[in-house]
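Reading the structure
The lines below spell out each chain.
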Amino acid sequence: MEPIIAPSILASDFSRLGEEVRAIEGAADWVHVDVMDNHFVPNLTIGLPVVTSLRKATTIPFDVHLMITDPQRWAPAYAEAGAYNVTFHAEACDDPVALAKTLRAAGAKAGLAIDRDTPVEPYLELLPHFDTILIMTIKAGFGGQAFMPELLGKVSDVRRRVAVNDLEIRIEVDGGIAADTIERAAEAGADAFVAGTAVYGAADPAEAIRKLRALAAGRMGLA
Ligand code: DX5
Ligand code: ZN
């Protein structure tokens, strides 16, 4: 399986979002959009109107990461707006399977996110209902935080379950992913990698993506 590299526009220049997304065209697999509501996390970013406008600026599939309360109410609109994958947080949802079904019915892939302080075990049995699982490698809420290698045990746990049950799901990591951390995440079993600062903080974002991809590809399949 090929690695997915998903640059997070959280680290881009919000006054030039269209150009920032076009700068990674041809290099990025997905564009990662961090939606924060100042309730589920203290930070506040962008929402549906920006996603709707930005969709017209690029053909790159959108990987929407909802760090919001009440995703049952808000998530389906992102699927309807054409997001490729819509990920909501396990901590914010009482019935993740029902919401995954709704998202899939609306034409999107469904993703489940697990924040820093949430164990993954209770969610392993839900994996067949999801297309992606996002393991946070930081506490959700802000870009530019230091990678937490101690959270990779959750990635390995998911990878084992995926192998045993022969599941089709992407295992995504988010937070502090850069040239010096992506290989450890890949070795633990991740196959999709969000990178904000490491891509948009680089002089050449497309080149940074290619480097990350090569590093990840070299370590994937070793879990
Ligand atoms: C933070 C977001 C991340 C963030 C990652 O809660 O979910 O996607 O943009 O940023 P970096 O790659 O800078 O850690
Ligand atoms: Zn994110």
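Just above sits the structure.
Below, the structure is looked at part by part. Since this is a predicted model, take the numbers as computed values, not measurements.

1. Here we look at the side chain of Thr118
On the secondary structure map, Thr118 appears in the loop between strand S5 (109–114) and strand S6 (132–136). If near-sequence neighbours (up to four positions away) are discounted, Thr118 is found in contact with Glu91, Tyr123 and Lys154.

2. Some words on the pattern of salt bridges
Opposite charge on two side chains permits them to pair, given that their charged atoms come into close proximity. Scanning the model with the defined rule gives 12 salt bridges in all. In this structure, Arg170 engages Asp191 in a salt bridge whose closest nitrogen and oxygen atoms are separated by 3.8 Å. Taken together, the positions of Arg170 in strand S7 (residues 170–174) and Asp191 in the loop between helix H6 (182–188) and strand S8 (192–195) put the pair 21 residues apart, joining distant regions of the chain. The class of Asp191 is buried, set by a relative accessible area of 2%.

3. A few points about the coordination of the zinc ion (ligand 2)
Coordination of the zinc ion (ligand 2) by the protein comes from His32 (NE2), Asp34 (OD), His65 (ND1) and Asp174 (OD), over a distance range of 2.0 to 2.3 Å. Classification of the site at the zinc ion (ligand 2) as octahedral follows from its six donor atoms and the range of 72 to 169° in their angles at the metal.

4. Things to note about the packing of helix H3 (residues 71–80) against helix H4 (residues 96–105)
Between H3 and H4, whose axes approach to 9 Å, the crossing angle comes to 20°. Here H3 is positioned roughly parallel relative to H4, judged by the angle of their axes. You can see that H3 and H4 cross each other, and the crossing is right-handed. Here H3 contributes Pro71, Gln72, Ala75, Pro76 and Ala79 to the contact with H4, which in turn contributes Leu99, Thr102 and Leu103.

5. Regarding the nonpolar core
Grouped together as the largest cluster of nonpolar side chains are 67 residues, with contacts concentrated most on Ile9, Val86, Ile133, Val158 and Phe193. Formed by 15 residues, the second largest nonpolar core is a distinct cluster that contains Met36, Ala113, Leu134 and Ala140.

6. Observations regarding the pairing of S7
Remember that side chains alternate between the two faces of the sheet whenever the strand is regular. Across the five residues of S7, five count as buried, placing the element largely inside the fold. Of the strand pairs in this sheet, S6 and S7 are connected by five bridges, and their pairing is parallel. Looking across to S7, one finds that Leu134 is bridged to Glu172. In this view, the connection linking S6 to its parallel neighbour S7 by way of helix H5 (residues 152–165) has right-handed handedness. One crossover worth recording links S7 to the parallel S8 by way of H6, and it is right-handed.

Scoring rules and cut-offs
- Residues numbered from 1 in each chain as written.
- Chains lettered and ligands numbered in written order.
- Predicted model: local features only at pLDDT ≥ 70, side-chain atom pairs only at ≥ 80, totals over all residues.
- Heavy atoms only, no water.
- Helix = DSSP H or I, 4+ residues; strand = E, 2+ residues; numbered from the N terminus.
- Contact = heavy atoms within 4.5 Å.
- Salt bridge = Lys/Arg side-chain N within 4 Å of Asp/Glu carboxyl O.
- Buried < 20%, exposed > 50% of the residue type's maximum accessible area, 1.4 Å probe, protein only.
- Donors = N, O, S within 2.8 Å, 3.2 Å for Na, K, Ca; no water.
- Tetrahedral: all angles 85-135°; square planar, octahedral: opposite > 155°, others 65-115°.
- Axes fitted to C-alpha atoms, helices over the stretch in contact; angles between N-to-C directions.
- Parallel < 35°, antiparallel > 145°, perpendicular 65-115°, else oblique.
- Left-handed = near helix turned anticlockwise from the far one by under 90°.
- Core = buried A, V, L, I, M, F, W, Y, C linked by side-chain atoms within 4.5 Å.
- Pairing = 2+ DSSP bridges.
- Right-handed = clockwise from strand over helix to strand, strands pointing away.

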